[in-house]
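Take a look at the letters that make up each chain.
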Amino acid sequence: DYATTMLGSPLNMAPEVLGGNDYNNKADIWSIGTVFYELLFGKYFGVLCRPPYTAANMVDLIANIKNKQLVIPKNINSISPVVEDVIRKMIVVDPKKRIEWEDLFNHPVNRFLEDKMQKELE
C-alpha cells in the first residue's frame, strides 16, 4: 500500500516522501539507514550528528539526495565491508532498487557479531 502523508524529520525522509510522491514501507528502510549512518558517523569527539545528506532547504536537500553520491566517511569510523554494504543497500534513491525488508532482515550484518565470535572461538 502507498501513503501520501509527509511525516518525520526531513533529513531522515526518503526522497520519494520529500518529493511528495506516493511511497510505501520501503521509505522506512531509507530512514532506518540514515539513522544507522548517523549512529556510525554522526558524533565523533564532540562533532554534531551528520546525516548522509544535508541542505539549507527542502529543494536543495532533494537535489543533494538525487545528485550527490553517498559518502562513507571511513576517516571517522572505519566500518566493516558488511556494515558498509547494508548502508549502501538501504540508502538508495530509487525505492525499487532499495533493499527489501526480507533481505534486510537476512543480511549478514544481523549476524556479524555472532559470526565474529564464532571465528574467535574456533
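A brief look at the structure comes next. Predicted, not measured: the structure shown is a model, and the values here were computed from it.

**Some details on the overall build of the protein chain**
Working step 1: For the protein chain, the count of helices and strands is six helices and zero strands.
Working step 2: N-terminal to C-terminal, the α/β element order of the protein chain is α-α-α-α-α-α.
Working step 3: Burial status across the protein chain gives 34% buried among its 122 residues.
Working step 4: Roughly 8100 Å² of accessible area belongs to the protein chain as shown, and the carbon and sulfur atoms make up 55% of that amount.

**Points about the nonpolar core**
Working step 1: Of all hydrophobic cores here, the largest spans 24 residues; its most connected members are Ile87 and Ile91.
Working step 2: At the level of secondary structure, the elements contributing two or more residues to this core comprise helix 1 (15–18), helix 2 (26–41), helix 3 (58–67) and helix 4 (81–90).
Working step 3: The element best represented in this core is helix 2, accounting for six residues.
Working step 4: Sequence-distant contacts of isoleucine 87, defined by excluding residues within four places in its chain, comprise Phe36, Tyr37, Leu40, Phe41, Leu70, Ile72 and Ile79.

**Quick notes on the pattern of salt bridges**
Working step 1: For the structure shown, the criterion picks out five salt bridges.
Working step 2: With its nearest N and O atoms 3.1 Å apart, the salt bridge here joins glutamate 100 to lysine 26. On the criterion of sequence distance, the pair formed by glutamate 100 in the loop between helix 4 and helix 5 (101–105) and lysine 26 in helix 2 is long-range, its members being 74 residues apart.
Working step 3: By relative accessible area, glutamate 100 is classed as partly exposed at 42%.
Working step 4: The residue glutamate 84 makes a salt bridge to lysine 74 at a minimum N-O spacing of 2.7 Å. Residue glutamate 84 is found in helix 4, and its partner lysine 74 is found in the loop between helix 3 and helix 4; the two are separated by 10 residues along the sequence.
Working step 5: By relative accessible area, glutamate 84 is classed as buried at 15%.
Working step 6: Residues participating in the shared-partner salt-bridge network are Lys74, Glu84 and Arg88.

**Quick look at the environment of glutamate 100**
Working step 1: For the pair glutamate 100 and lysine 26, spaced 74 residues apart in sequence, the C-alpha to C-alpha distance is 7.2 Å.
Working step 2: Residues in contact with glutamate 100, not counting those within four places in the same chain, are Lys26 and Ile29.
Working step 3: Of note is the side chain of glutamate 100, whose polar atom sits 3.1 Å from the side chain of lysine 26.

**What about helix 3?**
Working step 1: Burial in helix 3 covers these residues: Leu61, Asn64 and Ile65. All buried residues of helix 3 lie within an arc of 95° about the axis, which places them on one face of the element. Exposed and oriented more than 90 degrees from the buried face of helix 3 are Val59, Lys66 and Asn67.
Working step 2: Buried residues along helix 3 sit against helix 1 and helix 2.
Working step 3: Two or three places before valine 59, at the start of helix 3, stands the capping residue asparagine 57, its side-chain oxygen 3.1 Å from that residue's backbone nitrogen.

**Thoughts on the side chain of glutamate 16**
Working step 1: Here glutamate 16 shows up in helix 1.
Working step 2: Residue class for glutamate 16 comes out buried when judged on its relative accessible area of 7%.
Working step 3: Apart from residues no more than four positions distant in its own chain, glutamate 16 is found in contact with Asn21, Asp22, Tyr23, Lys26, Ala27, Val93, Pro95 and Arg98.

Rules and cut-offs
- Residues numbered from 1 in each chain as written.
- Predicted model: local features only at pLDDT ≥ 70, side-chain atom pairs only at ≥ 80, totals over all residues.
- Heavy atoms only, no water.
- Helix = DSSP H or I, 4+ residues; strand = E, 2+ residues; numbered from the N terminus.
- Buried < 20%, exposed > 50% of the residue type's maximum accessible area, 1.4 Å probe, protein only.
- Areas by Shrake-Rupley, 256 points an atom, 1.4 Å probe, with all protein chains shown as cover.
- Core = buried A, V, L, I, M, F, W, Y, C linked by side-chain atoms within 4.5 Å.
- Contact = heavy atoms within 4.5 Å.
- Salt bridge = Lys/Arg side-chain N within 4 Å of Asp/Glu carboxyl O.
- Polar contact = N/O pair within 3.5 Å; in protein donor to acceptor, adjacent residues only side chain to side chain.
- Arc of directions from axis to C-beta.

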